[in-house]
Structures are given as structure tokens and as C-alpha cells.
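Below are the chains, spelled out letter by letter.
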Amino acid sequence: MAFSRSFLAPLLFIISISLLSSLCYAGDPVVEFTWEVKYITVSPLGVKQQVIAVNGSFPGPILNVTTNNNVVANIINSLDEPLLITWNGIQMKRNSWQDGVLGTNCPIPENWNYTYQFQVKDQIGSFFYSPSTNFQRASGGFGGIIINNRAVISLPFNEPDGDITMLIGDWYIRNHTSLRHSLNEGKDLGMPDGVLINGKGPYQYNSTFVPDGIDHATFKVEPGKTYRIRVHNVGVSTSLNFRIQDHNLLMSETEGGYTVQQNYTNLDIHVGQSYSFLVTMDQNASSDYYIVASPRFVNETVWQRVTGVGILHYSNSKGKASGPLPLGPQDENDKTWSMNQARSIRWNVSASGARPNPQGSFKYGSINVTQLYVLRNKPPVMIKGKRRTTLNGISYVNPDTPLRLADEYKVKGVYTLDFPEKPLTGASRMASSVINGTYRGFMEVVLQNNDTKVQSYHLDGYAFFVVGMDYGDWTENSRGTYNKWDGVARSTIQVFPGAWTSILISLDNVGFWNLRTVNLDTHYLGQETYIRIVNPEATNETELARPSNSIFCGALSHKQQPPHHGAPNAAPSNTAKLFLSLLTFLVAAFPIFY
């Protein structure tokens with residue numbers, strides 16, 4: 001049968017549009033936004049200082065998405081130095097290209113933009129984003145992330161009446177460049193100047209500790225209603241005890257893992273950790289109520305002025321909060337109480353929703369461990385005249401070329417796959433040494449803290465099972481104390497000084513994944529490494545292709561093209577690629593129309 005040109009042209013157009021429409025509706029929803037990261041001047045502690053804002057907001061806007069949404073985030077770097085944004089707790093499945101750390105991405109140069117593209121695949125819960133380089137998190141640039149359940153998956157609790165994000169953290173009046181300089185000079189950061197709640201200083205509960213003119217955070221609520229309150233410690237290095245005066249904190253979730261619901265009057269939240277609480281407004285509103293975030297494991301007399309204080313304001317409140325703050329733990333040196341509290345957090349194994357699923361079974365305790373790494377940190381040491389921190393005697397050095405790009409282009413000598421399984425004996429050294437993970441293996445990582453302060457560790461790309469923690473040195477016999485049934489799944493865990501914490505990881509996500517302390521000072525000085533996970537069969541379905549908008553640096557700088565200023569440099573979406581392929585086919589099949 002012959003077709004005339006007048007018939008085929010509109011027919012092909014209709015087919016093209018119909019196919020494009022079906023491709024658009026077949027995929028998961030896309031959430032697109034543009035964020036400009038720049039400096040602004042604020043006075044959270046009564047002194048003007050330069051902070052890092054996102055779209056003019058400090059802290060930045062909340063990223064509110066739903067499970068399986070595709071995120072397209074165009075980041076414009078208006079700082080005076082390179083920038084990377086990391087999405088703390090987002091697993092970037094098959095897509096470490098978008099992780100936003102120096103092992104996977106070249107930093108975004110000043111006055112450039114970069115478009116992150118990733119899917120929040122099979123995840124729910126509370127997370128946060130922040131800058132990952134140059135100590136910038138100490139100046140801001142952070143904000144909350146909410147991943148909601150899809151409608152077809154019910155919550156393991158009644159739908160809350162509202163959702164509140166609280167970002168708490170220690171804070172310095174000196175900006176990140178000054179703090180960075182101190183570390184480069186071999187000095188400690190010293191005591192912070194305060195604790196902020198959502199970028200604001202303490203309510204003036206005491207005129208001796210809090211001067212006039214400090215703006216504080218106020219959270220307005222309705223009596224009788226229940227709110228989901230998501231709390232993130234985005235600070236530099238201080239563990240904080242969180243509490244709300246006369247209100248119970250019913251824990252429901254931590255970093256994407258639903259927990260057994262338990263009431264706490266206060267909770268220690270360590271650097272980098274995130275929690276969800278269900279809080280019912282069941283008080284009589286005779287006055288406002290204090291929200292407190294106070295430093296832990298420090299001299300309370302000296303540190304009292306550092307306490308962060310916000311206000312919970314009932315709509316029918318009859319007056320301002322007054323009097324002493326609600327008490328937290330009474331003995332700042334009693335870390336056993338805090339450890340027992342951490343051990344009490346259990347995974348809700350009956351809740352529906354996204355969760356780690358090693359080898360098709362939730363019974364992680366019955367899976368054979370294929371690799372064991374005992375990672376020990378200790379106080380800073382001098383290496384080649386520089387004050388550095390270490391893991392197993394290795395102080396990590398970020399190479400000029402990101403690890404993942406080096407693998408893609410077979411650049412030799414960028415890193416070594418010789419990270420020691422146990423602490424080295426002898427002198428410490430600086431190296432770009434990486435853990436060689438076994439694809440679909442089951443790794444046990446024991447974090448041994450021989451320093452004098454709490455260290456938090458975060459692993460990108462995964463939720464891991466927290467199976468044990470105790471004081472002293474870990475031994476093979478320590479496994480007898482493990483929780484092999486409902487250890488909570490999360491992405492950031494604390495390790496107390498003189499103690500160990502053990503985690504289990506199902507290595508099913510290919511890529512390079514950063515394992516780091518979240519304490520900014522020890523991280524900056526080298527307390528991190530990466531886990532390299534490669535599928536030896538290397539099928540196209542195992543890992544997404546390198547995005548076409550990759551920034552090149554180091555040994556691959558010659559590949560970099562000038563950016564298109566003022567417009568997103570995003571890679572084409574899968575839909576766009578398919579449509580372009582369709583057009584290419586049509587051109588080849590029906591050249592008469594072109």
C-alpha cells in the first residue's frame with residue numbers, strides 16, 4: 001500500500017507526539033527546582049556574620065518529595081569558591097555520579113551551575129542536604145529533606161496534623177574560612193559560640209547568658225493536635241540533647257527507618273543524625289514551652305551559654321515561657337546512659353514501606369558476613385609536619401581527579417585499593433586508599449573510637465543495620481551481644497569515646513560510596529575513606545551511565561567545556577533521549593519529509 005506525503009506527514013507527527021506523551025506519563029513524577037547558593041549577612045547570635053544561604057534563605061528550603069520521585073536540582077554557585085551539595089541519606093541507587101562528594105564529583109566552580117538528577121528510589125523518611133567541601137557546612141547551606149510515603153503505602157501511625165522541621169547545631173561566629181584556617185594551622189576549633197535552632201539564636205530565658213536583641217525560633221501549634229517533628233543535627237561537632245518542655249517525644253522514624261514507637265522525654269542527637277517524633281499538644285497552654293538543644297559530654301557550667309532555646313507556642317497560649325529550662329541528663333560524664341538510650345532504638349520490622357532488604361530477606365542476622373573491616377580512629381597525629389586524623393592509620397587525601405571519573409576513563413594512579421582491614425601498626429600515613437567492596441557481599445564494619453569525643457559516621461549510598469555497641473575494644477566475642485533481629489536501619493551512627501559500634505551493610509549498590517565522620521573538624525583532617533563496589537559482570541542495568549553534564553577536573557580537566565551560564569547544564573532525561581531516538585528513526589525511515 002502506498003502513502004502520499006500529505007497523509008504520512010501528519011500521521012508521523014501524531015505518532016511522535018503520542019509516543020512522547022506515553023513516555024512522560026509512564027515514568028515517576030519529576031520535581032524540578034533551581035537553587036542559588038550565595039552569601040548573606042545575618043546576626044543569629046547578635047553579631048553580624050556572613051552565612052551561606054539557599055535562594056536567600058538560611059537555613060535553605062525544605063526539599064519535599066515522595067518515594068520514587070525524580071529530582072532535577074539546578075544548583076547555581078554564587079560563592080567565591082567551589083561547591084558541592086550532598087544529599088545526606090539519599091541512597092542514589094545505581095547513581096553515585098550524583099552523590100555530591102569529592103570522590104564522585106568535581107566541585108562546581110564559582111559562578112557556574114550544575115544540575116543534579118536522581119531518583120529517591122524506594123526511600124521514605126527524614127534527611128538533610130548540605131555542602132560537602134571546604135568546611136562550608138559550618139557557615140550554612142543546609143536544609144531538610146522529607147520523603148513522603150506513596151499513597152498506596154500506609155504510615156505505621158495516624159496521619160499527623162502537621163509537619164515541622166527543626167535544624168539544630170553548634171555554631172561559630174567565625175565563618176568557615178576562618179575555622180578552616182585554624183585547622184590548617186594545627187589548632188583546635190575551641191568551644192562554639194552557641195547552638196542555633198533553624199538558623200536562630202536562643203530565646204532569652206536568662207539575661208546573663210542571652211543578651212538582648214537575639215531572634216529566636218518559634219513554632220506555632222494548635223492545641224490537641226499531633227505533629228511530626230523532624231529534628232536534624234547539622235552542627236560542626238557537638239552532640240546535643242533535644243527536649244520539649246512537658247511534652248513527650250514519641251519516636252517514629254530515623255533516617256528512613258521506621259522505629260518501634262517509644263516515648264522519650266529527651267534524646268541525644270549526635271552530629272549528622274535525623275529523627276522523627278510524634279508530639280501531641282496536650283498541655284494546658286498556661287504559657288509557651290521551651291524547646292531545648294543543649295551540648296552533651298562537656299562541662300555544663302562552662303558551656304551553659306551555648307545552649308539553644310526555641311519556643312513552642314500554642315495558639316491559645318496565655319503568656320511567654322519563663323523560669324528555668326527543663327532538665328536534660330544530669331551527669332555530663334555518664335556516657336553509659338546515652339549508650340543505653342541508643343540501644344533502646346529498635347527497627348519496626350512490621351511497618352510497610354521502603355527498607356533495606358538484603359538478599360531478599362529481612363532476617364539480616366542469618367546472612368553470612370563476607371568481609372570484615374575494623375576501623376579505628378584516634379586523636380590527631382602529626383604526619384609530614386601536618387596535624388591529621390586517621391582511620392586505621394590512614395589519613396585520607398582527596399585526589400584532584402574524582403575516583404569515579406578516574407575509573408570511567410581508566411586514569412591510573414589516582415587511588416589504591418589497599419585500605420587495611422584492621423588498624424595498622426607503625427607510623428600513620430596520608431593516602432588516597434579505598435576499601436574494595438564485594439558486589440552483593442555482606443560487610444561488617446566495626447567502628448572503634450579511640451578519641452576523647454563522640455564521633456558520628458555516615459555512609460553514602462546505603463542504610464546499614466546497627467547491630468551492636470559497647471565500651472572497650474571490639475573482639476570476635478563481641479558478636480555474642482549483637483541484636484540480630486530488629487537493629488535499626490539508618491545511615492549515620494555515633495561511636496562513643498573508648499567504645500565501638502558495629503554495622504552490617506548489604507553491598508548491592510554499585511559505585512563509590514563515602515564513609516566519613518560527620519564531625520567537620522576530624523573529617524576535614526582526613527577521617528574518611530570510600531567503598532568501591534563494582535559488578536564484575538558489568539551490565540548496563542547495574543549502574544546508570546555517566547551524566548553528560550559531568551564537570552571535569554584534575555587529570556581530566558582538558559575534557560571540560562565552558563558552561564552555559566544562566567541555564568541548567570542538565571543531561572537529557574530518558575524521555576528526551578527516547579524521543580530523540582524516535583526522531584532519528586523517523587528521519588532515517590522517511591527521509592522524504594526532511
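About the criteria used
- Sequence positions are assigned chain by chain, starting from 1 and proceeding in written order.
- At least 70 in pLDDT is required for a residue's local features to be given in this predicted model, at least 80 for side-chain atom pairs to be given and counted, and no such filter applies to totals for whole chains, interfaces and linings, which use all residues.
- Excluded from the side-chain calculations are hydrogens and water; all other atoms, namely the structure's heavy atoms, are used.
- A run of DSSP states H or I qualifies as a helix once it reaches four residues; a run of E qualifies as a strand once it reaches two. Both are numbered from the N-terminal end.
- Note on exposure labels: buried denotes an accessible area under 20% of the residue type's maximum, exposed denotes more than 50%, and partly exposed covers the range between, all computed with a 1.4 Å probe on protein chains only.
- Contacts are assigned to residue pairs that have any heavy atoms within 4.5 Å of one another.
- Values of accessible area rely on a 1.4 Å probe in the Shrake-Rupley scheme; residue burial ignores everything except the protein chains shown.
- pLDDT expresses how confident the predictor is about each individual residue, on a scale running from 0 to 100.
- We call a set of buried Ala, Val, Leu, Ile, Met, Phe, Trp, Tyr and Cys residues a nonpolar core when their side-chain atoms join them within 4.5 Å.
- In protein, a polar contact means a hydrogen-donor-capable atom and an acceptor-capable atom, both N or O and within 3.5 Å, with residues adjacent in sequence counting only if both atoms are side-chain atoms; elsewhere, any N or O pair within 3.5 Å suffices.
- Disulfides are defined as cysteine sulfur pairs within 2.5 Å.
- By this definition, two strands are paired if DSSP reports at least two bridges between them.
- With axes taken as lines fitted to C-alpha atoms, and helix axes fitted only over the stretch in contact, angles between N-to-C directions fall between 0 and 180 degrees.
- Of all possible arcs, the one meant is that of the directions from the helix axis to the C-beta atoms.
- Salt bridge, as used here: a side-chain nitrogen of Lys or Arg that lies within 4 Å of a carboxyl oxygen of Asp or Glu.

### Section: the overall build of the chain
Next up, step 1: When helices and strands are tallied, the chain shows seven helices and 33 strands.
Next up, step 2: Burial statistics for the chain: of 594 residues in total, 56% are counted as buried.
Next up, step 3: In the chain, the proportion of contacts linking residues at least 24 apart, taken out of those at least 6 apart, comes to 78%.
Next up, step 4: For the chain, the computed accessible surface area is about 24700 Å², with 51% contributed by carbon and sulfur atoms.

### A word on the confidence of the model for the chain
Next up, step 1: Here the chain averages 90 in pLDDT, while 88% of its residues score no lower than 70.
Next up, step 2: The low-confidence segment residues 566-594, where pLDDT is below 50, has 38 contacts with residues more than four positions distant or belonging to other chains.

### Some remarks on unusual backbone geometry
Next up, step 1: F58 connects to P59 through a cis peptide bond whose omega is -5 degrees.
Next up, step 2: Take P59: it is sitting in the loop between β2 (49-54) and β3 (63-66).
Next up, step 3: Look at N198: it is not a glycine, yet its phi comes out positive at around 50 degrees.
Next up, step 4: The backbone phi angle of E255 is positive, close to 50 degrees, even though this residue is not glycine.
Next up, step 5: Topologically, E255 is positioned in the loop between β14 (249-254) and β15 (257-264).
Next up, step 6: The exposure class of E255 is buried, given its relative accessible area of 5%.

### Observations regarding the nonpolar core
Next up, step 1: Residues I75, W87, I90, Y116, F242, F277 and L312 are the most contacted members of the largest nonpolar core, which totals 102 residues.
Next up, step 2: It is strand β1 (residues 30-42) that contributes the most residues to this core, four residues altogether.
Next up, step 3: Once you skip the residues sitting within four places of it in the chain, I75 turns out to touch W35, V37, L83, I85, I108, W112, N113, Y114 and Y116.

### Brief notes about the side chain of N519
Next up, step 1: Mapped onto the fold, N519 is located in the loop between β32 (511-517) and α6 (520-524).
Next up, step 2: At a separation of 2.9 Å, a polar atom in the side chain of N519 contacts the main-chain amide nitrogen of S456.
Next up, step 3: A distance of 3.1 Å separates polar atoms of two side chains, one belonging to N519 and the other to T517.
Next up, step 4: In contact with N519, other than residues within four places in its own chain, are V236, S237, V271, K453, V454, Q455 and S456.

### Regarding the state of the cysteines
Next up, step 1: Per the counting criterion, the structure on display carries one disulfide.
Next up, step 2: Linked covalently through their sulfurs, C106 and C553 form a disulfide whose S-S length is 2.1 Å. Between C106 and C553, the S-S torsion sits near -85 degrees, and that sign places the bridge as left-handed. Of the two residues, C106 is situated in the loop between β5 (85-88) and β6 (113-119) and C553 in the loop between β33 (528-534) and α7 (574-589); the sequence distance between them amounts to 447 residues. Of the two residues, C106 and C553, neither departs from the other in class, the shared state being buried.

### Regarding the sheet that holds strand β7 (residues 125-131)
Next up, step 1: Taken in spatial order, the four strands of this open sheet run β3-β8-β7-β5, and their pairing is mixed. Of all the strands in the sheet, just β3 and β5 have a single pairing partner and so form its edges. The sheet shows a mean angle of 20 degrees between the axes of neighbouring strands, taken without regard to direction.
Next up, step 2: By the bridge criterion, five bridges tie β7 to strand β8 (residues 143-148) in an arrangement that is antiparallel. Across the sheet, the residue bridging to Y129 is G143, located in β8.

### Examining helix α4 (residues 335-343)
Think of an α-helix as 3.6 residues a turn; residues three or four steps apart then line up on the same face.
Next up, step 1: Buried within α4 we find K335, S338, M339, Q341 and A342. In a view along the axis of α4, the buried residues occupy a sector of 160 degrees, so they form one face of it.
Next up, step 2: Considering only its buried residues, α4 is in contact with β15, β16 (267-269), β28 (464-471), β30 (492-495) and β31 (499-506).
Next up, step 3: Capping of α4 at its N-terminal end is provided by D334; its side-chain oxygen lies 3.2 Å from the backbone amide nitrogen of T336.

### Some words on the sheet that holds strand β17 (residues 274-280)
Next up, step 1: Taken together, six strands build an open sheet; the order of strands is β10-β9-β12-β17-β14-β15 and the sheet is mixed. The open sheet is flanked by β10 (194-197) and β15, the only strands paired with a single partner. Sheet twist, expressed as the average angle between the axes of neighbouring strands with direction ignored, equals 25 degrees.
Next up, step 2: In this sheet, β15 lies alongside β14 in antiparallel orientation, the contact comprising five bridges. Pairing of E253 across the sheet is with Y258, part of β15.

### Structural notes on the environment of L556
Next up, step 1: With respect to the secondary-structure elements, L556 resides in the loop between β33 and α7.
Next up, step 2: Between the C-alpha atom of L556 and that of L405, which follows or precedes it by 151 residues, the distance is 8.3 Å.
Next up, step 3: Excluding its chain neighbours within four sequence positions, the residues that come into contact with L556 are T401, L405, Y409 and V411.

### What to know about the pairing of strand β4 (residues 70-77)
Next up, step 1: With six of eight residues buried, β4 lies mostly within the body of the structure.
Next up, step 2: In the sheet, β1 pairs with β4 via eight bridges, with the strands oriented parallel. If you follow V37 over to β4, its bridge partner there is N77.
Next up, step 3: With seven bridges joining them, β4 and β6 adopt antiparallel strand pairing. Counted as the bridge partner of I76 is N113 from β6.

### Looking at the pattern of salt bridges
Next up, step 1: Applying the stated rule across the entire model yields 16 salt bridges.
Next up, step 2: Here R404 and E408 are joined by a salt bridge, their closest N and O atoms 3.6 Å apart. With R404 and E408 both in helix α5 (residues 403-408) and four residues apart, the pair spans about one turn of that helix.
Next up, step 3: Taking relative accessible area as the criterion, R404 reaches 10% and is therefore assigned buried.
Next up, step 4: Residue classification places E408 among the partly exposed residues on the basis of a relative accessible area of 35%.
Next up, step 5: Linking R404 and E543 is a salt bridge whose minimum nitrogen-to-oxygen distance equals 3.0 Å. With a gap of 139 residues between them, R404 in helix α5 and E543 in the loop between β33 and α7 connect regions that are remote in the sequence. An identical accessibility class is assigned to R404 and E543; each is buried.

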